[in-house]
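Each chain is listed here by its residues.
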Amino acid sequence: MKVINTKLVALALILAVFILKSCNTGENKFEHYETPALVVGIVVDQMRHDYIYRYWDHYGDDGIKRLVNEGFSFDNAKFDYMPTFTGPGHASVFTGTTPAVHGIIGNSWYLRESGGRTYVTEDASVSTVGSDSDEGEMSPRLMLSSTISDEIRLHNNMHSKAVALSLKDRGSILPGGFTGDAYWFDYGEATMITSTYYHDELPDWVQEFNERDLPAEYVSQPWETLYPIETYTESIEDDNPYEGTFRGQDSPVFPHDLPAYAEESGNRIVANSPFGDKYLFEMAYAAIEGEQLGRDEYTDLLSISLSSPDHIGHRYGPASKEVQDTYIRLDREIARLLDYIDEHFGKENVLVFLTSDHGAAHNPEYLRDLNIPTGNYNRSEASRALSQRLEEIYGFDPVASVRSRQIFLDRDLIRQQNVRLEQVQRDAAVFMQQVEGVNGAVTADALMNTSFTDPLKQRAQKGYNAQRSGDVIYWVKPQWFTSSRSLGTTHGSPYSYDVRAPLLWYGWDIPAGYSTVPVFISDIASTVANFVNVPYPSGNTGDPMNHHIYE
Ligand SMILES: [Zn+2]
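The structure presented is a predicted model; accordingly, all values stated were derived computationally and were not measured. (Residues numbered from 1 in each chain as written. Predicted model: local features only at pLDDT ≥ 70, side-chain atom pairs only at ≥ 80, totals over all residues.)

The next subject is the overall build of the protein chain. The number of helices and strands found in the protein chain is 22 helices and 21 strands. When each of the 551 residues of the protein chain is scored for burial, the buried share is 52%. Pairs at least 24 apart in sequence give 72% of the contacts found in the protein chain among residues at least 6 apart. (Helix = DSSP H or I, 4+ residues; strand = E, 2+ residues; numbered from the N terminus. Buried ≥ 20, exposed ≤ 12 C-beta atoms within 10 Å, placed from the backbone. Contact = placed C-beta atoms within 7 Å.)

See below:
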């Protein structure tokens, strides 16, 4: 007996040393077992990474600078797929994977079965709650992975709450996942709505928020720059040929007469001004109070996707004074939010992250005037030439649709004609590679069967979903545009200006620091999961970056 006991003690000692060694990650893991009361995820729609630094001198000490200086900043965070649009971006942040797995391959996509197309969050089986329009016929049902919102709730047996807010439907529905609540802006009625997927009627706090009718208040005065416009030396002349205007406006210059344009277009134009951000932050405070977020032992998640920076960016482009003013004002709203968190929870109890859903290119005409290579890819001409070429080879036109830089072939027709699909895909890709403005094209067959080392092809592969994507994926040259639109800007490419994003962590257990280690936007969800000690989303393929924060 005695001998066995000694052996057992020795075994226990060895085991204890082994466990201690494997737990030796600098600080004791179990000190971090307590989880944040609240996670606040901020997605700034179309925020380029460089906006942190371009407008730095105009930011206060307590907004974006506080996130950077007191939090942890990843300065080399990217989207690892194409296309870089809002739907795929939001899905990737919250599912921790890419369109290949979460299935959100665009804001809308072609349907082979019907020849029609689907919108990313459309769902005809549900109806609008909060207005009489059809803008609420939406749900997350086309997404193929759970989100971090779902996992936090599942892990805590649904005691946790997840609330997602955005002006855009897809900016809240995808982050909220399948079990969270989502609210978005009815762009016709200028009010916040949801759908019967979530609730049969708006909760009291949402009704009360809508009754304040903030859009009417915010468009009752002109949009002027927050600080004297002559101090905005980081941006080009206010009056220039590269920017769009409000309907009824002669030139794209301050002050923007919001009351007049609201008369013309309705209070929805709040979304096209920085006051759309103010509006959404007001709703965030109402949600925290109304849902009592962060008030019990179960971690809650609030996601705030700011859509106005995207609307403004599209109209004016990254070099504009309008975009500069938008970020200077957003900085003030972030300062307010951080003060609110300090006051109501304490910084150490709330985990905040800030990122974006894609970047944006500079305006093509602006670049052309500076001799930087750019161009306009002519999609309809290229599509016609492609059909013609394939008809010459096969004696019939096998192209069903060309959209969003994807070529869909008519697979039934190709089968009937006894032609090999892979061969047609290859011929289409070879043709596209010669089209003016195209930089690369790869077949679905190759995307399914090849391990790429080239980052652009990897991005094509991670954006490719076998059941939803086309037969050939192509991309145009850097700074080339696939639309003839020459005012403002757009995004969607696999290039640095579209794939690089801000990524800031702040609060709770986050030390001050920064890193240029490569991380991906699809790494965010598993990082949150590790901070909150919950499982990764079901389709997660990203890797957590927690160790980079503490090393
Ligand atoms: Zn977007």
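Turning next to unusual backbone geometry. Of note, the bond from Met82 into Pro83 is cis; its omega dihedral lies within 30 degrees of zero at 5 degrees. Looking at the element boundaries, Pro83 is found in the loop between strand E3 (77-78) and helix H4 (86-95). Residue Pro255 follows Phe254 across a cis peptide bond; omega there is -10 degrees. With respect to the helices, strands and loops of the structure, Pro255 is situated in the loop between helix H9 (214-218) and helix H10 (258-265). Phi is positive for Met158, which is not a glycine, with a value near 70 degrees. Turning to its location among the elements, Met158 is positioned in the loop between helix H6 (148-155) and strand E7 (162-166).

Right, let's talk about the sheet that holds strand E8 (residues 181-186) for a bit. With mixed pairing, the ten strands of this open sheet are ordered in space as E6-E9-E8-E7-E10-E1-E11-E19-E2-E20. The two strands at the open ends of the sheet, each matched to only one other strand, are strand E6 (128-129) and strand E20 (513-515). In this structure, strand E2 (residues 72-74) lies alongside E20, joined through three bridges in parallel fashion. Bridge pairing in E20 links Phe74 to Ser515. (Pairing = 2+ DSSP bridges.)

Moving on to helix H11 (residues 275-290). With 16 residues, H11 extends 22 Å between its outermost C-alpha atoms, agreeing within 8% with the 22 Å of an ideal straight helix rising 1.5 Å per residue. For H11, the full list of buried residues reads Phe275, Gly276, Asp277, Lys278, Tyr279, Leu280, Phe281, Met283, Ala284, Ala287 and Ile288. Where H11 ends, the next residue or the one after it, Gln292, has phi of about 50 degrees, a positive value. (Expected span 1.5 Å × (residues − 1).)

Their axes nearest at 10 Å, the elements helix H15 (residues 379-394) and helix H17 (residues 421-432) cross at an angle of 135 degrees. Classified by the angle their axes make, H15 and H17 are oblique. Our pair here, H15 against H17, has a crossing hand that is right-handed. Along its contact with H15, which presents Leu386, Arg389, Leu390 and Ile393, the element H17 presents Val424, Asp427, Ala428, Phe431 and Met432. Taken together, the residues of the contact of H15 with H17 sort by class into seven nonpolar, no polar and two charged. (Axes fitted to C-alpha atoms, helices over the stretch in contact; angles between N-to-C directions. Parallel < 35°, antiparallel > 145°, perpendicular 65-115°, else oblique. Left-handed = near helix turned anticlockwise from the far one by under 90°. Nonpolar A, V, L, I, M, F, W, Y, C, P; charged D, E, K, R; others polar.)

So, about the pairing of strand E9 (residues 191-195). Look at any regular strand and the pattern is simple: side chains alternate between the two faces of the sheet. Taking burial as the measure, the five residues of E9 include five buried ones, the bulk of the element. With burial as the criterion, each face of E9 is covered, one bearing Thr191, Ile193 and Ser195 and the other bearing Met192 and Thr194. Pairing analysis gives two bridges linking E6 to E9, with the strands arranged antiparallel. Opposite Val129, over in E9, you have Thr194 as the bridge partner. Relative to E9, E8 is paired through three bridges, and the arrangement is antiparallel. Each residue of the ladder has a partner; that of Asp186, found in E9, is Thr191.

Time to look at the domain arrangement of the protein chain. When its domains are assigned, the protein chain resolves into domain 1 (42-368 + 494-550) and domain 2 (375-478). Looking at the side of domain 1 that touches domain 2 residue by residue, the class counts come to eleven nonpolar, four polar and two charged. (Domains from an automatic or database assignment.)

Attention shifts here to the environment of His58. Tracing the backbone through its elements, the reader meets His58 in the loop between helix H2 (51-54) and helix H3 (64-70). Distance in space between the C-alpha atoms of His58 and Asp325 is 9.5 Å, their sequence separation being 267 residues.

Moving on, we come to helix H8 (residues 204-211). For H8, the full list of buried residues reads Val206, Phe209 and Asn210. Buried residues of H8, viewed axially, fall in a sector of 95 degrees; they line one side. Every exposed residue of H8 that faces more than 90 degrees away from the buried side is listed here: Asp204 and Glu211. Immediately downstream of H8, the backbone of Asp213 shows phi near 45 degrees, a positive value. (Arc of directions from axis to C-beta.)

What follows concerns the confidence of the model for the protein chain. Taken as a whole, the protein chain shows an average pLDDT of 94; of its residues, 94% reach a score of 70 or greater. For residues 17-32, every residue scores under 50 in pLDDT, and the model assigns this stretch four contacts once sequence neighbours within four places are set aside. (pLDDT = per-residue confidence, 0-100.)

Before going further, it helps to spend a moment on the sheet that holds E3. Spatial ordering of the open sheet is given by E18-E3-E21, a layout of three strands whose pairing is mixed. The open sheet has two edge strands with one neighbour each: strand E18 (500-501) and strand E21 (519-520). Pairing geometry for E3 and E21, over two bridges, is parallel. Pairing of Lys78 across the sheet is with Phe520, part of E21.

Checked against the element boundaries, Ser160 lands in the loop between H6 and E7. C-alpha separation for the pair Ser160 and Gly116, spaced 44 residues apart in sequence, amounts to 39 Å. Excluding residues within four positions of it along the chain, Ser160 makes contact with Ile152, Arg153, Tyr298, Thr299 and Asp300.

As a further point, take the nonpolar core. Core analysis: the biggest nonpolar cluster contains 147 residues, and Leu165, Leu280, Ala284, Leu302, Val350, Ala428 and Val472 have the highest contact counts within it. The biggest single contributor to this core is H11, with eight residues. Counting contributing residues, this core receives three or more from each of domain 1 (42-368 + 494-550) and domain 2 (375-478). The residues contacting Val472, other than those within four sequence positions of it, are Ile407, Gln425, Ala428, Ala429, Met432, Ala441, Thr443 and Ala444. (Core = buried A, V, L, I, M, F, W, Y, C linked by C-beta atoms within 7 Å.)

Looking at the secondary structure, you find Asp134 in the loop between E6 and H6. Among the residues examined, Asp134 registers 13 C-beta atoms within 10 Å and is labelled partly exposed. Asp134 sits 355 residues away from Thr489 along the chain, and the two C-alpha atoms are 29 Å apart.

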